[in-house]
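Descriptive analysis of the structure
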Amino acid sequence: MGQSLFSLLRPAYESTPELAAVASQARAEIESFNDLKQQIEFDDKVAQELASLKLADSQAAAFASLLSAPSVNAHSKGNLIGTAKPDETRGEPSRTSSEAQSKEEEEEEEGEAPTRARPRTILFAVGVGLVATVCMVIFLISDRLNSFEGADRISELLDSANDLTGDEFEAVETKAGDLQDWFFLKHGLEHYAVPKQFANIKTVGCRVFKFNGATVAQIMAVADKEILLYMFPSNELGIKIRKGKWEIVEDERWVGGVTGINNTCFLVAFQGNKDEMKEFLSNVAR
Amino acid sequence: MTRLKSDSASEHIQALYRLLLIRTGQRIRAERALRETLTDSLQNTHPAQNGTDFAELYRTALKMPSAVDEPLETDLAGWPLALHQLPEPERSAITLFYLEIFSPPVLSEILGLTIEELARLIGAARKSLESQQTKSTAT
C-alpha cells in the first residue's frame, strides 16, 4: 500500500496520518528520496503557476462575503459580485481574452439585469400616471361643460350644408320674424321660433326638409355675411339645450350657434370658426 | 513543514476559482460557475446549519459543467493550460491536489474515490503533464 500512495506525497501532505509512513520511508532511501525530490520539484512548478491564477481581492472578498451572509438572496449575490471591475483581476496573460471577457460580462449583465425598478423611477412613473389621469379628468369635464346632448346631430346638420347650391330655397325676401305664417300656411310647420335679436334679419330664401326624421325649417339670410337659420323640434333630434343659452358647435367648414326657444331648437350657421360665431352672437345681441 | 492552505473563506474562494478556471478554461465562465456554485450551496444550506461546509462547495463546483465539446478560445497558458487539457477526472483531481486545500484522504472523499484510486489518478495525470513538458521541450 505504501508505494501506491507515493504519488500523493507533497510537503504539505506528509503529516497526514495515511501518508506519514510512506513519506518517512521515501526519505529514508536514497533512490526513492531522489524520485520524491524530482516529483516535488515538478509539482512545485505546476502548483506555482496554478497559484498565480487569482481573482482580484475585491472580487474574492465579494464572493467570500456571500459565505458569511447566507440569508442574502441569490439574486442580490449575483449583482454584488457582478459589480467588480474586470481590470481588477490579475494573473491573466492575454489582452484579447480580457476584451472578450468584458464583452461577455456586458452580455451577462444585460441578461441578468435587475428586474426591480428604483424607488425614484417608481415615484416618477406614478407621478406621470397621476398627472395624466388629472388631465384626462379635466379634459372630460371641460368637454362635458362645453358640450350638450345632441351636439353631434348639430354637426351632421352643419355638414349637410356643404351640399347646398342655393337652388333648393324658395325666394322669400322679408324679415326672419315675419315668416311664422309663411311656414305654417305653406308647410304646416308649427315649431317656428326666432330669437328676438334675429327677428329683423333679412331673409333671401326658405325651405323645409327632412333630416333624420325631423322636419327642419331652413332660412337663407343676410346679415353682415350670408347665414343659415334652422328651426326644428328639439326632441325629434334628441337635443337637450337650456333655453336662452347659446352653445357653439364647430365643424370643418361651418360653425353653428344653437339655442332653445320653448321646444324648438334654433340654429344659426355660417362658414367660419368659433371665435367668429362668438363675435357674431355678441353683435346680434346689441 | 508546509501546511494546508484552508484557513479562510477567501482562500477557499480563490481555490474554487482556480479549480473552475482549469475546468472551464475561461475566466468569465469560471466566475459564472463560481457564482452558481455559491448560490447553489447557499440555497441548499439548512438555515440552522452553522458555518460553511467547504467540502460541499467543491462537490458542487465539480458538478458544474466544465469545458464544452467544441474548442473555445482559452484564457490559460503554460501549466494551467496543460492542466486544462487533461481529461476528467484527472484534470479536477490533480488540480485539487496542487491547490493543497484538502488532505488526500479528504480529497478522495470529495471526489468519491478511495485514496489508492486517487493516488493512481494523480500519478497518471502527472505523467501526462511530464510528457507534455517533454514534447514542448523537444519542439
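Because the structure is a prediction, the values reported are computed rather than measured.

**A few points about the overall build of chain B**
- Of regular secondary structure, chain B possesses seven helices and zero strands.
- In chain B, the succession of helices and strands from N to C terminus is α-α-α-α-α-α-α.
- Buried residues in chain B amount to 47% of all 139 residues.
- The long-range fraction of contacts in chain B, counting pairs at least 24 apart against all pairs at least 6 apart in sequence, stands at 63%.

**Focus: the overall build of chain A**
- Each helix and strand counted, chain A has nine helices and seven strands in total.
- Counting across all 286 residues of chain A, residues that qualify as buried make up 24%.

**Observations concerning unusual backbone geometry**
- Cis geometry is found at the peptide bond from Glu88(B) to Pro89(B), where omega equals 5°.
- You can see Pro89(B) is positioned in the loop between helix H4 (78-84) and helix H5 (90-99).
- Even without glycine at this site, Asn212(A) takes up a positive phi of about 50°.
- Among the structural elements, Asn212(A) can be located in the loop between strand E2 (202-211) and strand E3 (214-222).
- Of note in this structure, Asn262(A) is not a glycine but carries a positive phi near 50°.
- By secondary structure assignment, the location of Asn262(A) is in the loop between strand E6 (254-261) and strand E7 (264-271).

**Concerning the sheet that holds strand E4 (residues 226-233) of chain A**
Residues and elements named next belong to chain A.
- Strand order in this open sheet of seven strands is E1-E2-E3-E4-E7-E6-E5, and the pairing throughout is antiparallel. Strands with a single pairing partner mark the edges of an open sheet, and in this sheet they are strand E1 (170-171) and strand E5 (247-250).
- Pairing geometry for E4 and E7, over six bridges, is antiparallel. Across the sheet, Leu229 pairs through a bridge with Val268, a residue of E7.
- Contacts from helix H9 (residues 274-285) reach E5 and E6, with the element oriented near 45° to E6.

**Regarding the packing of helix H2 (residues 27-44) of chain B against helix H3 (residues 54-63) of chain B**
All names here are of chain B.
- Two numbers describe how H2 lies on H3: the axes approach to 9 Å, and their chain directions differ by 125°. Compared by their axis directions, H2 and H3 come out oblique. At the point where H2 passes H3, the crossing takes the right-handed sense. Here Ala33, Thr37, Asp40 and Ser41 of H2 lie close against H3, whose contacting residues are Glu56, Leu57, Thr60 and Ala61.
- In terms of residue class, the contact of H2 with H3 is built from three nonpolar, three polar and two charged.

**Side note on the confidence of the model for chain A**
- Per-residue confidence for chain A gives a mean pLDDT of 79, with 80% of residues at or over 70.
- For residues 70-114 of chain A, every residue scores under 50 in pLDDT, and the model assigns this stretch 52 contacts once sequence neighbours within four places are set aside.

**Details of the nonpolar core**
- In terms of nonpolar packing, the biggest core is built from 55 residues, with Leu16(B), Leu20(B), Ala93(B), Leu118(B) and Ile122(B) touching the most fellow members.
- Ranked by the residues each element gives to this core, the list is headed by helix H1 (residues 9-24) of chain B, at eight residues.
- Taken together, domain 1 (3-51) and domain 2 (57-111) of chain A each give at least three residues to this core, which thus spans both.
- Once you skip the residues sitting within four places of it in the chain, Ala93(B) turns out to touch Leu111(B), Leu118(B), Leu121(B), Ile122(B) and Ala125(B).
- By size, the runner-up hydrophobic cluster in this structure holds 33 residues, among which are Leu157(A), Leu179(A), Val249(A) and Met277(A).

Each value, and the rule that gives it
- Residues numbered from 1 in each chain as written.
- Chains lettered and ligands numbered in written order.
- Predicted model: local features only at pLDDT ≥ 70, side-chain atom pairs only at ≥ 80, totals over all residues.
- Helix = DSSP H or I, 4+ residues; strand = E, 2+ residues; numbered from the N terminus.
- Buried ≥ 20, exposed ≤ 12 C-beta atoms within 10 Å, placed from the backbone.
- Contact = placed C-beta atoms within 7 Å.
- Pairing = 2+ DSSP bridges.
- Axes fitted to C-alpha atoms, helices over the stretch in contact; angles between N-to-C directions.
- Parallel < 35°, antiparallel > 145°, perpendicular 65-115°, else oblique.
- Left-handed = near helix turned anticlockwise from the far one by under 90°.
- Nonpolar A, V, L, I, M, F, W, Y, C, P; charged D, E, K, R; others polar.
- pLDDT = per-residue confidence, 0-100.
- Core = buried A, V, L, I, M, F, W, Y, C linked by C-beta atoms within 7 Å.
- Domains from an automatic or database assignment.

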